Every structure is written in structure tokens, then in C-alpha cells.
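Tertiary structure, described
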Amino acid sequence: MNIGVGIIGASIGGWAAISHVPALKVLPDYELRAVSTSRRASADRAAEEFGVPAAFDDPADLIAHPGVDLVVVSVKVPHHHALISAALAAGKMVYSEWPLGVGTDEAADLASRAEAAGVRTVIGLQGGFLPAIRHTRDLVADGYVGRVLGTTLVGSGLSWGPVTDRAHAYLHDATAGATLLTVSALHALEAVNVVLGELAGVSANLVTSLTRARVIDEGSTVPVTAADQVAVTGTLRGGAALSLFYRGGSSRGDNFRWEINGTDGDLVLTAPGVHGNLQTLDLRLRGGRGDARALADIALPDGLFHPVPRDLPATAQGVAQVYARFGRDLREGTHTVSGFDHALRRHRLIDAIERASRTGTTQTLVPA
């Protein structure tokens, strides 16, 4: 039987429209049965565009829809807690975009509610499921680079720069929960953890170099309270050094580059384009080892994509991989996809990074 999905925040042109909708369309385990937006007209347009039978301008109606088994919450983070709480209270499974909530307290409460409800949950940290990331993990595990000595990752967030638009201006507000640290940097750290393991200790420098950002479609400005320069260093539990840096806006140089260096070889992941938000990138994997003096492209095995089509756009590929594994989890009773308990651990990692920056001291991380 297909899993009935309802998406809250399914406006045409929004994130769900370019990720969740195409992902669901290629997976036979799922059927998109309802969409919800903030206005009746936009909900109807989305339903017509996506071929969905039910459209709502009140998310409570979507949650109550008898055909919806899995509620997808793809709206601004400040709205997550109320919507997810309502879905859990209704006994529905929930797929929440990352971050789970505005801060650790909200995340902890939602994780507790999910446990009490006894329903399966999914957190949208899909970067670790990208085929390029999975293959990199396998290569490291198989000894391609030998013993990992260190890793360096540099990226651009695209948002959080000196210019924004009204739709994204809220990202500059640290209290809104969607910052360069919590979004771009954390998605990248998730992939690092998948490939190389967890951090044992972390230091950080979070710098708010901007005071105001220009809202280009209004001719106004907004105050900036979220850090637009994020530097994280640490030691992985395996002993390797980590250096991660994210800048707000975009660079005229490379906007994403991740190197893994070992005793016997190197692996490098890059991506074209104006940003380095790993979870949406079409990643190029190259490597070299032994007597090789240069990097060479490394092909990704077809099996890492299955059952998702290889040509699915990068914005939807990781999301589709999560859905595919979650469907298998439900069929087989496994837990290969991370839920709200994992999201809470990542919120606590954010707390440690912020504390490290605020105090200027290295934070020791206790294994979960």
C-alpha cells in the first residue's frame, strides 16, 4: 500500500516544489495526496500543477485528511513547532525540514512528543544520503586514503550576504533559527560525520561582519544578527583534524570544496555554481593515491542511486534517497533514516559550536 503524503508549504517555486514533489513522483512507495499553502489560490494552483487531489489553506485540514499518512513540514522554522506538534498529536508520521525547531528546547520537546506518540519521524538532513557522499564514505572505509589525517571544507551559503530579497530577509535574524551555521554549515557537518565519523571536540569562531543587509526588491535594509562567517575546527574521534569554513553570500572563486587527506591518498569533492549548500549540489568526486601525482575523476556506481533515477536533479536527489530508504524502513522494520532523536543531537552540536565561539574554549563532545 502506498504511503499517503501531505506537504505543508508546497507553493510553486518553493523548496518543496523542487525537492519533495519530484522525489515523490519517481518513487512507487509514495502518493502525494494533499498540499497546503498560506492562501487558497496558491494552494489550488499547486494542487493543479502537481496533480494532487486535495488542496488546503489551513494546515490543520491537511493534517486531518484521512489519506495523509506522512506530513511533510516545509515552512519557515518558527512555524515548525506548532505544525509538527499538531501532526504528532494526530498520530501522523512527520518529515520535517532541518532545522527541527528554533533552538534545542523546541527540538527536545518535539523529539519527546514524537516518542510519546510512537510514530516514525524523518529529519531533512539528506546530504549524507547523496550518492557521492555515500561513495566517499565507502572509499574511506575501504582504505582509499589510508589513515585519515585531516579534512578541510570551504563553502558559500549564498544567503546571509550583503544583499537579500524580502522572501529571504528573515534569514539574517538569528532568532528565526535558520542561520548560516544551522543550515549551510550543519548540512555540511552532517556529511562530514557520515563519511569520517563524529567529532570528539570542537572550537569555533562565529563572526557577524555585516550590520545590515540590503533588501533588493524593496530598496530597504534589515538588521543582521546572524553570523555571516562561520569557522569550525575540531578533532574527529578517529584522530583526524577538521577545518570547516562557510561564508555568507557567494565567492568569485570556489563556492564548494571538500578535501580528505590521508597517509596514502586524497579525495576531493567540488561542485559548480554560486553556492556551497552541500545537500543540493551535483557533486564531482576526484581522488588520487599511491604514486598518482594528480587527481582523477571517480565514477559513482549505479547501485548507489537505485531506486532513484540517476538523472533526478540534484535538489531532489538527496531527498529522494531519504524517501526511498524510509519506505524500506517501514516495510522491513529497520531504522536507516534519521528521525527527531538525531535532530536533537545535531541541535546540541550547534549549542556546543556557539558555546565554543562565545567562550573561546574547545568544547568536548560526549558520544551519544
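Data block above holds the structure.
Residues numbered from 1 in each chain as written. Predicted model: local features only at pLDDT ≥ 70, side-chain atom pairs only at ≥ 80, totals over all residues. Heavy atoms only, no water.

1. Re the pattern of salt bridges
Following the criterion strictly, the structure yields 13 salt bridges and no others. Where Asp44 meets Arg40, a salt bridge forms, and the shortest distance between an N and an O atom there is 2.9 Å. One end of the pair, Asp44, and the other, Arg40, are both in helix H3 (residues 40–50), 4 residues apart, so they sit about a helical turn from each other. What makes Asp44 partly exposed here is its relative accessible area of 37%. Bridged by salt links that share partners, the residues Glu31, Arg33 and Asp69 form one connected network. (Salt bridge = Lys/Arg side-chain N within 4 Å of Asp/Glu carboxyl O. Helix = DSSP H or I, 4+ residues; strand = E, 2+ residues; numbered from the N terminus. Buried < 20%, exposed > 50% of the residue type's maximum accessible area, 1.4 Å probe, protein only.)

2. So, the pairing of strand S15 (residues 265–270)
With 5 of 6 residues buried, S15 is to be regarded as a mostly interior element. Bridge count between strand S14 (residues 256–262) and S15: 5 bridges; the pairing is antiparallel. Bridge pairing in S15 links Asn261 to Asp266. What sits between the antiparallel neighbours S14 and S15 is a turn of 2 residues. Summarising the sheet, S15 and strand S16 (residues 284–289) pair through 6 bridges and their orientation is antiparallel. (Pairing = 2+ DSSP bridges.)

3. Thoughts on the side chain of Arg120
Tracing the sequence through the fold places Arg120 in the loop between helix H6 (104–117) and strand S6 (121–124). Side-chain polar atoms of Arg120 contact the backbone oxygen of Thr334, separated by 2.6 Å. Once residues within four sequence positions are removed from consideration, Arg120 is found in contact with Met93, Val94, Phe326, Asp329, Leu330, Thr334 and His335. (Polar contact = N/O pair within 3.5 Å; in protein donor to acceptor, adjacent residues only side chain to side chain. Contact = heavy atoms within 4.5 Å.)

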